[in-house]
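# Results of the structural survey
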Amino acid sequence: MTAKVIPLIDQRAASRVPVIPTHRPVPGGTLADTRGRRLRDLRISVTDRCNFRCTYCMPKSVFERDYRFLPRTELLSFEEITRIARLFAAHGVEKIRLTGGEPLLRKNLEVLIEMLAALKTHNGKPLDLTLTTNASLLSKKAQAFKAAGLQRVTASLDSLDEAVFRAMNDVDFPVADVLKGIDAAHDAGFAPIKINMVVKKGVNDQDIVAMARRFKGSGHIVRFIEFMDVGSTNGWRMNDVVPSAEIVRMISAEMPLIEAEPNYTGEVAERWAYADGSGEIGVISSVTQAFCATCTRARLSTDGKLYTCLFAQSGRDLRALMRSGKSDEQMAGAIGLIWNQREDRYSEIRTAATVRTKKIEMSYIGG
Ligand code: SAM
Ligand code: SF4
Ligand code: SF4
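Residues numbered from 1 in each chain as written. Chains lettered and ligands numbered in written order. Predicted model: local features only at pLDDT ≥ 70, side-chain atom pairs only at ≥ 80, totals over all residues. Heavy atoms only, no water.

## Digging into the pairing of strand E11 (residues 297-300)
Rule in force here: Think of it this way: DSSP has to see at least two bridges between two strands before they count as a pair. Counting from the N terminus, the helices are the DSSP runs of H or I reaching at least four residues and the strands are the DSSP runs of E reaching at least two.
Where strand E2 (residues 41-45) lies against E11, 4 bridges are found, and the strand directions are parallel. Opposite aspartate 41, over in E11, you have arginine 297 as the bridge partner. Pairing of E11 with strand E12 (residues 305-307) involves 2 bridges; the strand directions are antiparallel. Paired with leucine 300 across the strands is leucine 306, a residue of E12.

What follows is the structure, encoded as structure tokens:
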């Protein structure tokens, strides 16, 4: 495979102003795309900035001192984010995840959380409101987030090995401070806490079992994520991916695992429970087992662009619509039309291409 790499944080420049359809049915939570996939999840990036420089996400070679992050005026305000979130909820979104960049760098994030927590799904239930963070600032904010109505927290931690973790975050950030953040979230009442570990072959795959061992029985759920071709380096190679099946095999050799049922259709992580009943892990096989067929996620970038796929090259500029004075009805119509026209299945296509390439390689070597 060629090294095609897509930015995960939102410095994607291209965008189009969405079309507002003349026929605008009232949103009823039943919106589906061209492949029948409902709109159920919205990831909102609240900042494009980060205090880490994870080598697989915001490498220093790109995000150096004079990198141009978005100026304040280009960020969606909390009111604008809440307005868009409300329209998405009317269209069927039940789960909102705040992310970034590092979301805790956005000032007064608890105020936004409180505003979003007051929203309801299309059938009148509270939204599932969650946050992904590198946990570096979590010990200061966990209590305030809980009080504001945040329901769940996911923390990222790529290794328990000090040298490996400091090299991966590339700002010399210590493991102990991330663990303090996770503890603070636990003390504030968040449970279960999910812990994301991106696995890169030859970098931190030797730490997989130690990570599972450390959190087994803690109530936290470690989720091992296959290294993806997002980020701003051009360094992604299939050879850097440790397949989830291999991760499960490694952990299970020491601490036997049994496959568990998904919590709901379309759950991204595959669940594996410890045979002795002491909890579970998850694996996210974005590369080796694409889950586009059940993908119900939309993404809102920090500057208000709507992306219908993690790998989409261009977004639709909802901020432009909003700031030109469009009504809720017009905005909802535009969002509905974008989702109705969605065709994305990037990972599926990549997986198929990888399998084809492997077959060709095998035929060359007589396999
Ligand atoms: N800064 C926060 C954090 O690190 O948790 C939130 C934003 S970060 C972009 C969201 C998640 O994406 C993190 O768990 C991170 O590890 C994961 N991620 C970033 N780059 C990735 C890549 N190339 N492959 C797989 N996961 C990646
Ligand atoms: Fe990317 Fe999150 Fe790492 Fe920041 S902490 S560089 S946003 S993965
Ligand atoms: Fe969804 Fe597939 Fe796009 Fe990933 S690649 S965001 S699973 S459609």
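Picking up where we left off.
## With respect to the site of ligand 1
Definition in use: When at least one non-hydrogen atom of a residue lies within 4 Å of a molecule or strand, that residue is treated as near it. A 3.5 Å cut-off defines polar contacts: any pair of N or O atoms within that distance qualifies, except that in protein one atom must be a possible hydrogen donor and the other a possible acceptor, and neighbouring residues in sequence count only when both atoms are side-chain atoms. Residue burial considers only the protein chains on display, and all accessible areas are found by Shrake-Rupley using a 1.4 Å probe. Each residue is assigned to one of three groups, with Ala, Val, Leu, Ile, Met, Phe, Trp, Tyr, Cys and Pro labelled nonpolar, Asp, Glu, Lys and Arg labelled charged, and all others, Gly among them, labelled polar.
Lining the immediate surroundings of ligand 1 are 18 residues, of which Gly101, Ser156, Asn196, Val198 and Met228 lie closest. Tyrosine 56 places a side-chain nitrogen or oxygen 3.3 Å from an oxygen atom of ligand 1. Separating an oxygen atom of ligand 1 from a side-chain N or O atom of asparagine 196 is a distance of 3.1 Å. Protein burial of ligand 1: of its 540 Å² of free accessible surface, 93% is covered by the chains. Residue composition of the shell around ligand 1, grouped by class: 8 nonpolar, 8 polar and 2 charged.

## Points about the pattern of salt bridges
For clarity, the threshold we go by: Any Lys or Arg side-chain nitrogen found within 4 Å of a carboxyl oxygen on Asp or Glu counts as a salt bridge. Relative accessibility thresholds used throughout: buried, under 20% of the residue-type maximum; exposed, over 50%; partly exposed, between the two (1.4 Å probe, protein chains only).
Counted by the stated rule, this structure contains 22 salt bridges. Where aspartate 328 meets arginine 83, a salt bridge forms, and the shortest distance between an N and an O atom there is 2.7 Å. Of this pair, aspartate 328 sits in helix H9 (residues 328-340) while arginine 83 sits in helix H1 (residues 78-91), placing them 245 residues apart in sequence. Across the pair arginine 249 and glutamate 246 runs a salt bridge, and its minimum N-O distance is 2.9 Å. Here arginine 249 and its partner glutamate 246 are both found in helix H7 (residues 244-254), 3 residues apart, which amounts to about one turn of the helix. Residue glutamate 246 is classed as partly exposed on the basis of its relative accessible area, which comes to 30%.

## A look at the packing of aromatic side chains
Going by this rule: Any pair of Phe, Tyr and Trp rings, taking the six-membered ring for Trp, is counted once the centres come within 6.5 Å. Such a pair is stacked with planes under 30 degrees apart, edge-to-face with planes over 60 apart, and tilted for the rest. As a reminder, the over-ring test applies to NZ of lysine and CZ of arginine, requiring each to be within 6 Å of the ring centre and within 35 degrees of the ring normal.
The final tally for this structure, using the stated rule, is 6 aromatic pairs. An angle of 45 degrees between the planes, with centres 4.5 Å apart, marks the rings of phenylalanine 63 and tyrosine 67 as tilted. On the numbers, 6.2 Å between centres and 25 degrees between planes, the contact of phenylalanine 63 with phenylalanine 69 is stacked. Grouping residues by exposure puts phenylalanine 63 and phenylalanine 69 together as buried. Ring pairs connect the aromatic residues Phe52, Phe165 and Phe173, which therefore count as one cluster. Its end group placed over the ring of phenylalanine 215, arginine 214 keeps NZ or CZ at 4.9 Å from the ring centre.

## Topic: helix H6 (residues 208-215)
The criterion, for reference: The directions considered for the arc are those from the helix axis to the C-beta atoms. In this analysis, two residues are considered to be in contact whenever any of their non-hydrogen atoms come within 4.5 Å of each other.
Those residues of H6 not exposed but buried are Ile208, Val209, Met211, Ala212 and Phe215. All buried residues of H6 project into a common sector of 160 degrees when viewed along the axis, lining one side. Elements that come into contact with the buried residues of H6 comprise helix H5 (175-187), strand E6 (194-199), strand E7 (221-226), H7 and strand E9 (270-274). Directly beyond the C-terminal end of H6, a positive phi value near 85 degrees is found at glycine 217.

## Looking at the environment of leucine 150
Positionally, leucine 150 belongs in the loop between helix H3 (138-148) and strand E5 (152-156). Along the backbone, leucine 150 and valine 287 are 137 residues apart, and their C-alpha atoms lie at a distance of 30 Å. In contact with leucine 150, not counting residues within four places along its chain, are Ile113, Leu129, Thr130, Leu131, Phe145 and Phe190.

## Describing the layout of surface pockets
So the rule is basically this: Throughout, the protein atoms alone are placed on a 1 Å grid, and a set of points is a cavity if a 1.4 Å probe fits but cannot get out or a pocket if it is open with protein on both sides within 12 Å along at least five of seven lines; lining residues have an atom within 4 Å of a point. Grid points are joined across faces, edges and corners, and a volume is the space filled by probe spheres set on the points.
Of the pockets and cavities examined, the second largest pocket occupies roughly 320 Å³. In this structure, the second largest pocket is lined by 14 residues; those nearest its centre are Arg72, Leu75, Leu105, Arg106 and Lys107. For the lining of the second largest pocket, the residue count by class is 5 nonpolar, 4 polar and 5 charged.

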